[in-house]
Amino acid sequence: MVRPTLLIPFPGLAETLVRAVQPLWIERLGPKALALEVAGPVEVERGLLALLHQSRQLELKQGGLDPDPAINLVVLARPEEEGLPSFLSTLREQSQQGPWAGMEIRIHLVAFLLSPEGLEALKALPPDPGFQPPTRVWPVSRWGRNGFYLPREEHLSVWVQHFVEALVASKAPLQPEKGLDWVGLGIARLELERPDPQALLPPLWEAVKRVRIGAAPAVPPPPARSFAPAPPPALPERQSCTQHPDWSTLLGRWETYRDEETRKALQAGEEALFALDPPTPYELGRRALLAGLPALPETLVLLEKASKAAEEERKGLLETLDRAAGLAEKRARLHRLRSRRSRLGREDLEEEARELERELEPVDQAIGEGDVAFFLRGDPEAREAEDALAGLKQRLQENESRWKSELEDHPPPRGPFWRTWLQEILVRLGLAKPRAGQGGEETRKTLCDRAWQLLSQAWTEEERLTQRHFHYEAVLHRLALLTEYLKALSQEAHRATLAQELAQAFSPALQHPDENPLVARIPQAILPSHPLLQETAWHLVREGALEALWDGDLQSLEGRLLEAAEHIVVRMGPAHLPTPDEALWSTLVVAAAPRVLARHWPEHHQYAYVLGTAPGTRWGEAYDREGWLPGESVLLRLVFPLAPDHLLEDTVRPAPERPQGPPEEPEPTPAPKGEVVLRENPLLDELLT
């Protein structure tokens, strides 16, 4: 059975408390929430129409819930509220006429006693056995009957929450039977602390930090340019000796070949360097984070190893170029001087260091400009080839001069063609002797043979020179590539280090819920080794949640963790509260003391009602119980009948800076060893310390 209830909070504290717990009613009451309607003081008629709408009542019945024919009208207000007396009078009149005249109406006035004026105003509604309709006044103060004080008004939201829930969905004896009476009521809740998503963030983060789903990414080698020189020019075939071969025409092909191939090599080198243009071309830190945080320090080690290897290769290339320039070991000497000067403060080494820098300056300039010719001038093999070419060129020029003087300036007389042809054959066969004038042809052949022999030798030397040219061009390119590669690795290491530092410093921002003295919690610890945490952590890493560290977006990472923690809570399902022991229950009994300071009168009765599990033993007052939501027990303690003169004036006085329990209050039995109770609230701290 459910009891249709219209809740009427007045503006101010009552409205604030209702607004805070209204979403909880929808969640906790489930289908029974249809029996509850909230309306302001000026919307009572609309609220009743909505509550009693036929489709709403039929929906309750279809859900297996039988609505009580009686209607609860619950007014929450401060007694000194302007217009409250007239509102109550109007409410009584409306309940006895119009469409609701034949209905059973019960009125509940929850009176928040927060000032002397409120206590005085409430006295205008004394108990009256003949009052119609049945009405019950619930005086509620920040003071408990045991002398403990709630630090803030907002803490009364727990009282309002469970009072309405019990009124709507439980069998607790809260209904007035006849007339107008006063009842003191205290409410407190004991719960097995359900895993809160915020509380799960630290263990979930610890689990994420240990997840590894892959190996650390390998550091790529420096990019290689896709270039191979074309085949060198071949020595032209000898056709005839009618003309002397020209050095510039034939050997110029090598210069053209070198220029063209160098241009292609430089273009291919630029394309290779283009791969290193982004600040972090490989994003190794991001790839490591995709494999899990343990892969990040391993990636830094791999980066350091690759940097050392590249630096060693770079030093070797510099030494090669320095040696070609005749400055072998000078650069290494300069580095040693700088190291000693910075380490030992040796100012006397500065002059030698400057002298070495001046010597190395032309080399550095040639390296920066990619000047291959500068290094060819100091290369022994290149110099040897150039010297040989110079000698061969001179000999070819001398051969050409003789050609011109003997064959072109004074050509020998020539006879008929057939005679000359026949004579040459006979001479070759040894059947005739050379005739006078035939020596000119022999000279042409000799000079021609010598010229092509010199060109063949020059061709070989040009090939040697070209090989040395390509060698130094490749060294210069490799040096430039390694320089940029080392810069890229340095940036990669820097970004990966930043991500690692962020991970080490990251701590999810916990938003601790406001502790309410009317709630006692038994903590339910969840360790990082919990299977659900491990599974969720693995999925987070797999889905790339750690990439946020690479991007420096900690807010995104925290959001992903919180979302995952919320899924864990859903998968864990409701927690079931075990039967609490007596020591723990005694804490709840004290917290649920009726919320009013009242004198102890002989006619007072005490009664309790438990929603949920109870220890099974009495604690000084009769009680009944019924099943409730899993994971919690709600204790309602009543004292009745009350009257205005029973209330102490102190029930409305302001609180001291620190709530002090009465000295005569007996100290509760300490909780047995091994039972952990979360009691981060002033009321329970005061009680149990």
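Rules behind the numbers
Residues numbered from 1 in each chain as written. Predicted model: local features only at pLDDT ≥ 70, side-chain atom pairs only at ≥ 80, totals over all residues. Heavy atoms only, no water. Helix = DSSP H or I, 4+ residues; strand = E, 2+ residues; numbered from the N terminus. Buried < 20%, exposed > 50% of the residue type's maximum accessible area, 1.4 Å probe, protein only. Contact = heavy atoms within 4.5 Å. Areas by Shrake-Rupley, 256 points an atom, 1.4 Å probe, with all protein chains shown as cover. 1 Å grid on protein atoms, 1.4 Å probe; cavity = no way out; pocket = protein on both sides within 12 Å on 5 of 7 lines; lining within 4 Å. Points joined across faces, edges and corners; volume = space filled by probe spheres on them. Phe/Tyr/Trp six-rings, centres within 6.5 Å; stacked < 30°, edge-to-face > 60°. Salt bridge = Lys/Arg side-chain N within 4 Å of Asp/Glu carboxyl O. Polar contact = N/O pair within 3.5 Å; in protein donor to acceptor, adjacent residues only side chain to side chain. Axes fitted to C-alpha atoms, helices over the stretch in contact; angles between N-to-C directions. Left-handed = near helix turned anticlockwise from the far one by under 90°. Nonpolar A, V, L, I, M, F, W, Y, C, P; charged D, E, K, R; others polar. Core = buried A, V, L, I, M, F, W, Y, C linked by side-chain atoms within 4.5 Å. Pairing = 2+ DSSP bridges. Right-handed = clockwise from strand over helix to strand, strands pointing away. Parallel < 35°, antiparallel > 145°, perpendicular 65-115°, else oblique. Expected span 1.5 Å × (residues − 1).

Engineer: Sorry, what's going on with the overall build of the protein here?
Structural biologist: Helix and strand counts for the protein stand at 21 helices and ten strands. The burial tally for the protein puts 46% of its 689 residues in the buried class. Within the protein, contacts between residues separated by at least 24 positions form 83% of all contacts whose residues are at least 6 apart in sequence. Per element, the accessible surface of the protein, about 35000 Å² overall, is 53% carbon and sulfur.

Engineer: Would you take a moment to explain empty space enclosed by the protein for this structure?
Structural biologist: Enumeration according to the criterion identifies one cavity of 30 Å³ or more in this entry. The computed volume of the largest cavity comes to approximately 40 Å³. L48, L73, L91, Q94, S95, W100 and I105 together form the lining of the largest cavity. In terms of residue count, helix 4 (residues 84-95) provides more of the lining of the largest cavity than any other element does, three residues in total.

Engineer: Before we go on, may I ask you to explain the packing of aromatic side chains in this structure?
Structural biologist: Given two aromatic rings, their pairing is described by the distance between the two centres and the angle made by the two planes. Taken as a whole and assessed by the stated rule, the structure comprises ten aromatic pairs. Plain terms: the ring middles of W254 and Y257 are 5.9 Å apart, the flat faces sit at 85° to each other, and that makes the pair edge-to-face. Placement of the pair is W254 and Y257 together in helix 8 (residues 247-274), with a separation of three residues, close to one helical turn. Neither residue differs from the other here; W254 and Y257 are each classed as buried. When the centroid spacing of 5.1 Å and the interplanar angle of 85° are considered together, the rings of F374 and F375 count as edge-to-face.

Engineer: Explain the pattern of salt bridges here, please?
Structural biologist: Taken as a whole and assessed by the stated rule, the structure comprises 45 salt bridges. R331 is paired through a salt bridge with D322; the nearest N and O atoms lie 2.8 Å apart. D322 shares its class with R331; the two are buried. The salt bridge partner of E484 is K487, with a shortest N-O separation of 3.4 Å. Pair noted here: E484 and K487 are both in helix 16 (residues 439-505), with a separation of three residues, about one helical turn.

Engineer: Would you take a moment to explain the environment of V634 for this structure?
Structural biologist: Mapped onto the elements, V634 comes out in strand 10 (residues 632-642). Along the sequence, V634 and A592 sit 42 residues apart, while their C-alpha atoms lie 9.0 Å from each other. Among residues more than four places away in sequence, those in contact with V634 are H162, I187, A188, R189, Y609, V610, L611 and W628.

Engineer: Even after reading the chapter, I still don't get the side chain of N516, so can you show me in this structure?
Structural biologist: One can find N516 in the loop between helix 16 and strand 7 (519-522). For N516, a relative accessible area of 8% translates into the label buried. Of note is the side chain of N516, whose polar atom sits 3.1 Å from the backbone oxygen of H155. Here L518 takes part through its backbone nitrogen, which lies 2.9 Å from a polar atom of the side chain of N516.

Engineer: Where do I start with the packing of helix 17 (residues 531-542) against helix 19 (residues 554-572) in this structure?
Structural biologist: A pair of packed helices can be characterised by two numbers: the angle between their axes and the separation between those axes. Contact geometry for helix 17 and helix 19: axes closest at 10 Å, N-to-C directions at 145°. Note on packing geometry: the crossing formed by helix 17 with helix 19 is right-handed. Contact residues: L532, L533, E535, T536 and L540 in helix 17; R560, L561, A564, I568, R571 and M572 in helix 19. Here the residues of the contact of helix 17 with helix 19 are counted per class, giving seven nonpolar, one polar and three charged.

Engineer: Just to check I follow, could you spell out unusual backbone geometry for this structure?
Structural biologist: Peptide bonds are trans in most cases, and residues, glycine excluded, mostly fall at negative phi. Backbone torsion omega between Q132 and P133 reads -10°, so that peptide bond is classified as cis. Following F640, the chain continues into P641 via a peptide bond in cis, with omega recorded as -10°. If you trace the backbone, P641 turns up in strand 10. The phi angle at E283 is positive, at roughly 50°, despite the residue not being glycine.

Engineer: I would appreciate a short explanation of the side chain of R106 in the present structure.
Structural biologist: In this fold, R106 is placed in strand 4 (residues 105-113). Setting aside residues up to four positions removed in sequence, R106 forms contacts with D68, A70, I71, N72, L73, P134, Q175 and P176.

Engineer: Is there a simple way to think about the nonpolar core in this case?
Structural biologist: As a rule of thumb, soluble globular proteins bury nonpolar side chains together. Counting residues in each nonpolar core, the largest one holds 94 residues, and the members touching the most others are L204, W205, V208, F375, Y485, L549 and L561. Per-element tally for this core: the top contributor is helix 16, with 23 residues. The next biggest cluster of nonpolar side chains, apart from the first, holds 47 residues, and it includes L17, A33, V164 and V634.

Engineer: Any chance you could explain the pairing of strand 10 here in plain terms?
Structural biologist: Here is the key point about a regular strand: its side chains alternate between the two faces of the sheet. For strand 10, a buried count of nine out of eleven residues is recorded, marking the element as mostly surrounded by other parts of the structure. Note: strand 6 (residues 180-192) against strand 10, nine bridges, orientation antiparallel. Each bridged residue has a counterpart across the sheet, and for G184 the counterpart in strand 10 is V639. As defined by bridge partners, strand 8 (residues 605-611) adjoins strand 10 across seven bridges and the pair is classed as antiparallel. Counterpart to L611 in the pairing with strand 10 is V634.

Engineer: Can you help me understand the environment of L150 in this one?
Structural biologist: Following the sequence through the fold, L150 ends up in the loop between strand 5 (135-141) and helix 6 (157-169). On the basis of relative accessibility, which here comes to 0%, the residue L150 falls in the buried class.

Engineer: It is not clear to me how the pairing of strand 1 (residues 5-9) should be interpreted in this structure. Could you clarify?
Structural biologist: Burial analysis of strand 1 places five of its five residues in the buried class, which makes it a mostly covered element. Of the two faces of strand 1, the one lined by T5, L7 and P9 and the one lined by L6 and I8 are each fully buried. Pairing between strand 1 and strand 2 (residues 36-38): three bridges, direction parallel. Bridge pairing in strand 2 places L7 opposite V38. In this fold, strand 1 hands off to helix 1 (residues 13-29), which returns the chain to strand 2; that crossover is right-handed. Here strand 1 pairs with strand 3 (residues 71-77) via five bridges, running parallel. Note on strand 3: the bridge partner recorded for L6 is L73.

Engineer: Explain the packing of helix 7 (residues 197-210) against helix 19 here, please?
Structural biologist: Running from N to C, helix 7 and helix 19 point in directions that differ by 110°, and their axes come no closer than 9 Å. One element, helix 7, and the other, helix 19, form an angle in the roughly perpendicular class. Contact residues: helix 7 offers P197, Q198, L200, L201, L204, W205 and V208, while helix 19 offers L557, L561, L562, A564, A565, E566, I568 and V569. In the contact of helix 7 with helix 19, the residues fall into 13 nonpolar, one polar and one charged.

Engineer: What am I meant to see in helix 10 (residues 295-324) here?
Structural biologist: Note: α-helices contain 3.6 residues per turn, so residues at a spacing of three or four share the same orientation. The end-to-end C-alpha distance of helix 10 is 44 Å, a good match for the 44 Å that 30 residues give at a rise of 1.5 Å each. Directly beyond the C-terminal end of helix 10, a positive phi value near 80° is found at G326.

Any functional reading would require information beyond the geometric quantities listed.
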